[in-house]
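Spelled out from the first residue to the last, the chains are:
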Amino acid sequence: MTERGSPAVPEAASRNRRLAILLAMAMFVLVVDTSLMNVSIASVVRDLDTTVSGVQSAIALEALVSAAFILIGSKVGDLIGRKRAYVLGLLGYAVGALAMTLAQGLTAIIIFWAVVGGIGASLLLPSMQSLIHGNFEGAAQKKAYALVGAAAAIAAAVGPLLGGFITTYLSWRIGFLLEVVIIAVVLSGIRLVHDAPYTGSRRVDVVGAVLSVLGMGGIVLGILVWQEGGESVAALLAIGVIALAALVYWLGRRKREGKPTLLDPDLFASKHFRLGISQQLLQQIALGGTMIALPIYLQMVLEYNALQAGLSIAPLSLSMFGLAVLAGRKAGTRRPSSIIRLGFTLLTVGMLLLLPIVPRADSGWYLVVPLLIAGSGLGLLVSQLNNYTLAPISDERVSEAAGVNSAGGSFGLSFGLAFAGAIMLATLSITFTNMAEASTVLVPAEKQRVANALEEDAQVLSNTQLQELLVGQPKEIQDEIIRINTDARPLALQVALLVPILAGLLGLLNSFRMMHLPDIKPSGSVEGMALG
């Protein structure tokens with residue numbers, strides 16, 4: 001029997017290694033996708049003849065769809081099978097990446113990359129979590145989580161560089177095509193995946209699901225509509241706020257009646273969990289605001305290509321990766337809350353240092369020190385927040401809590417992307433109009449034309465793009481509008497940076513509340529989920 005059984009051990013180990021690698025490849029694509037889009041903004045705008053705000057809205061919408069549907073996606077996986085949900089998630093992401101490869105306009109990006117791809121992500125993340133639990137045991141499970149977590153961290157670190165290189169020397173379309181190829185490789189090994197059975201209730205909280213989508217969607221879509229100068233902004237924001245308030249009431253009522261809920265409201269009975277979720281939200285708001293403001297600044301103000309933009313952002317992403325790994329291994333006896341406090345301090349200081357630099361910098365080198373400081377702060381937060389948030393949760397409920405944590409983070413990211421972009425364009429419009437009105441060079445007719453153009457469609461334009469639009473105008477008019485554009489854009493970007501700064505300050509204040517709570521050591525399963 002030993003002779004017959006022994007070959008199964010190396011065979012199982014080989015299967016585990018291959019499956020873990022494929023899961024890590026899926027996670028790599030999931031994380032690197034947005035980095036590729038961020039550093040390619042200028043190229044996408046030019047090639048599709050669209051606008052910066054349009055592409056920025058698509059990026060925010062993708063994060064919003066992922067956040068709004070991730071709790072529902074987890075339940076869908078329970079109902080149809082985690083393996084099937086995993087496959088559908090990969091296919092959704094592949095459709096989005098293929099649409100980017102073939103897109104001829106912004107509409108295709110919004111429908112297929114942002115919406116279909118976002119839904120794919122909402123299915124992929126929770127199903128991947130469950131499949132790792134169901135396909136690995138003991139040390140193999142921890143190794144799988146470590147590998148998938150490392151893939152996510154590496155993708156976040158090298159994504160801007162990789163995306164910038166591909167976009168500059170090949171094409172952003174090639175970058176998204178490579179994502180399709182990687183997903184095809186992952187799907188080719190789907191036979192290695194054993195479905196993880198679900199034995200819980202199969203009843204669905206439809207009302208809770210609808211309220212969660214309306215709540216998160218109303219708030220972020222309201223901001224995006226405001227950014228594009230649309231109507232019904234107040235109505236959308238009101239729908240979002242009312243839906244979230246109704247969701248809180250609905251979950252409590254369903255819980256008291258003993259009926260299934262979209263998420264268990266008792267999770268929020270833990271102060272650690274509440275504070276952890278709020279800090280995760282603030283961290284992602286700061287990250288989202290930073291990752292929309294900086295690429296736009298580098299590509300539209302300094303007129304960097306994608307590779308130069310990626311290299312300029314690299315200090316942020318690489319220091320975040322390095323400090324996350326270092327703090328995770330060397331934290332020792334230091335309190336997680338004190339590390340989180342230091343993280344928000346560094347994040348806020350780094351962002352504050354950028355404010356006086358933005359109007360004066362003519363090179364990405366001026367951003368290195370502030371971005372290293374801010375990235376180090378983000379790395380400290382990444383190393384601690386997941387474990388801190390999930391530490392008080394029992395093993396049987398940790399999967400649900402991790403889903404709530406992911407939803408909160410994704411919503412924060414989408415809010416940061418949308419709000420920073422919206423106030424940047426609003427500030428640009430107001431500043432440009434005021435400077436034009438104060439100009440002694442522009443005649444009243446030119447001033448009115450500028451005001452009308454900004455009211456209809458305010459956009460961040462490079463001076464090169466603006467010069468192309470001003471062809472045929474008198475030279476003194478061209479020079480004056482270029483001067484106004486040069487002076488107005490840094491102020492707009494400074495205002496956009498207030499989003500991550502305020503999020504960092506709120507996180508810092510929140511961290512003092514965390515210091516008053518006792519430390520809770522996370523269980524082994526929680527640590528695994530944090531890695532994943």
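Residues numbered from 1 in each chain as written. Predicted model: local features only at pLDDT ≥ 70, side-chain atom pairs only at ≥ 80, totals over all residues. Heavy atoms only, no water.

Secondary structure assignment for the chain yields 19 helices and zero strands. Compactness check: the chain gives a C-alpha radius of gyration of 24 Å against a globular reference of 24 Å for 532 residues, within 12% of the reference. Among the 532 residues that make up the chain, the fraction classed as buried is 55%. With the model as given, the accessible surface of the chain reaches about 22,700 Å², and the carbon-plus-sulfur share is 65%. (Helix = DSSP H or I, 4+ residues; strand = E, 2+ residues; numbered from the N terminus. Rg over C-alpha atoms; globule rule 2.2 N^0.38 Å. Buried < 20%, exposed > 50% of the residue type's maximum accessible area, 1.4 Å probe, protein only. Areas by Shrake-Rupley, 256 points an atom, 1.4 Å probe, with all protein chains shown as cover.)

Below, the discussion takes up the packing of aromatic side chains. Inspection of the entire model under this criterion finds five aromatic pairs. Pairing Phe 268 with Phe 273 gives two aromatic rings, centres 5.3 Å apart and planes at 75°, and the pair type is edge-to-face. Overall, Phe 268 belongs to the partly exposed group, its relative accessible area being 30%. Taking 5.5 Å as the distance between ring centres and 25° as the angle between the ring planes, the aromatic pair formed by Phe 415 and Phe 419 counts as stacked. With Phe 415 and Phe 419 both in helix H15 (residues 398-438) and four residues apart, this pair spans about one turn of that helix. On the accessibility criterion, Phe 419 (29% relative accessible area) is partly exposed. (Phe/Tyr/Trp six-rings, centres within 6.5 Å; stacked < 30°, edge-to-face > 60°.)

Another aspect to go through is the packing of helix H4 (residues 52-80) against helix H9 (residues 206-227). Angle between the axes and distance between the axes are the two parameters that describe a pair of packed helices. Following both chains from N to C, one finds H4 and H9 inclined at 170°, their axes separated by 9 Å at the closest point. The angle between the axes of H4 and H9 places the two elements in the roughly antiparallel class. From H4, Ser 53, Gln 56, Ser 57, Ala 60, Leu 61, Leu 64, Ala 67, Ala 68, Phe 69 and Ile 72 reach across to H9, where they touch Ala 209, Ser 212, Val 213, Met 216, Gly 217, Val 220, Leu 221, Leu 224 and Gln 227. Tallied by class, residues from the contact of H4 with H9 come to 13 nonpolar, six polar and no charged. (Axes fitted to C-alpha atoms, helices over the stretch in contact; angles between N-to-C directions. Parallel < 35°, antiparallel > 145°, perpendicular 65-115°, else oblique. Contact = heavy atoms within 4.5 Å. Nonpolar A, V, L, I, M, F, W, Y, C, P; charged D, E, K, R; others polar.)

Okay, the nonpolar core next. A general tendency of soluble globular proteins is for nonpolar side chains to be buried together. Grouped together as the largest cluster of nonpolar side chains are 97 residues, with contacts concentrated most on Ile 109 and Tyr 297. Formed by 28 residues, the second largest nonpolar core is a distinct cluster that contains Leu 22, Met 128, Ile 183 and Leu 192. (Core = buried A, V, L, I, M, F, W, Y, C linked by side-chain atoms within 4.5 Å.)

Before going further, it helps to examine helix H11 (residues 271-301). End to end, H11 covers 44 Å across 31 residues, agreeing with the expected 45 Å (1.5 Å per residue, within 8%). The buried fraction of H11 amounts to 27 of the 31 residues, a majority that puts the element mostly inside the structure. For H11, the capping residue at the N-terminal end is Ser 270, with a side-chain oxygen 3.3 Å from the backbone nitrogen of His 272. Looking one or two residues past H11, Glu 303 carries a phi angle of roughly 60°, positive in sign. (Expected span 1.5 Å × (residues − 1). Polar contact = N/O pair within 3.5 Å; in protein donor to acceptor, adjacent residues only side chain to side chain.)

This brings us to the pattern of salt bridges. In this structure the tally under the stated criterion is eight salt bridges. Between Asp 264 and Lys 255 there is a salt bridge; the shortest N-O distance is 3.4 Å. Here Asp 479 and Lys 475 are joined by a salt bridge, their closest N and O atoms 2.8 Å apart. A residue pair is termed a helical-turn pair when its members lie 3 or 4 positions apart in one helix, as Asp 479 and Lys 475 do in helix H18 (residues 475-515) at four residues. Judged by its relative accessible area of 58%, Lys 475 falls in the exposed class. Counted as one network, the salt bridges with shared partners bring together Arg 253, Glu 257 and Lys 259. (Salt bridge = Lys/Arg side-chain N within 4 Å of Asp/Glu carboxyl O.)

Below, the discussion takes up the confidence of the model for the chain. Low-pLDDT portions of the prediction should not be read for the details of their coordinates. Predicted confidence across the chain gives a mean pLDDT of 84, with 91% of residues reaching 70 or more. No element of the chain has a lower mean pLDDT than helix H1 (residues 2-5), at 44, and none a higher one than helix H8 (residues 172-188), at 95. Counting contacts from residues 1-7, a segment whose pLDDT is below 50, to residues more than four positions away or on other chains yields zero contacts. (pLDDT = per-residue confidence, 0-100.)

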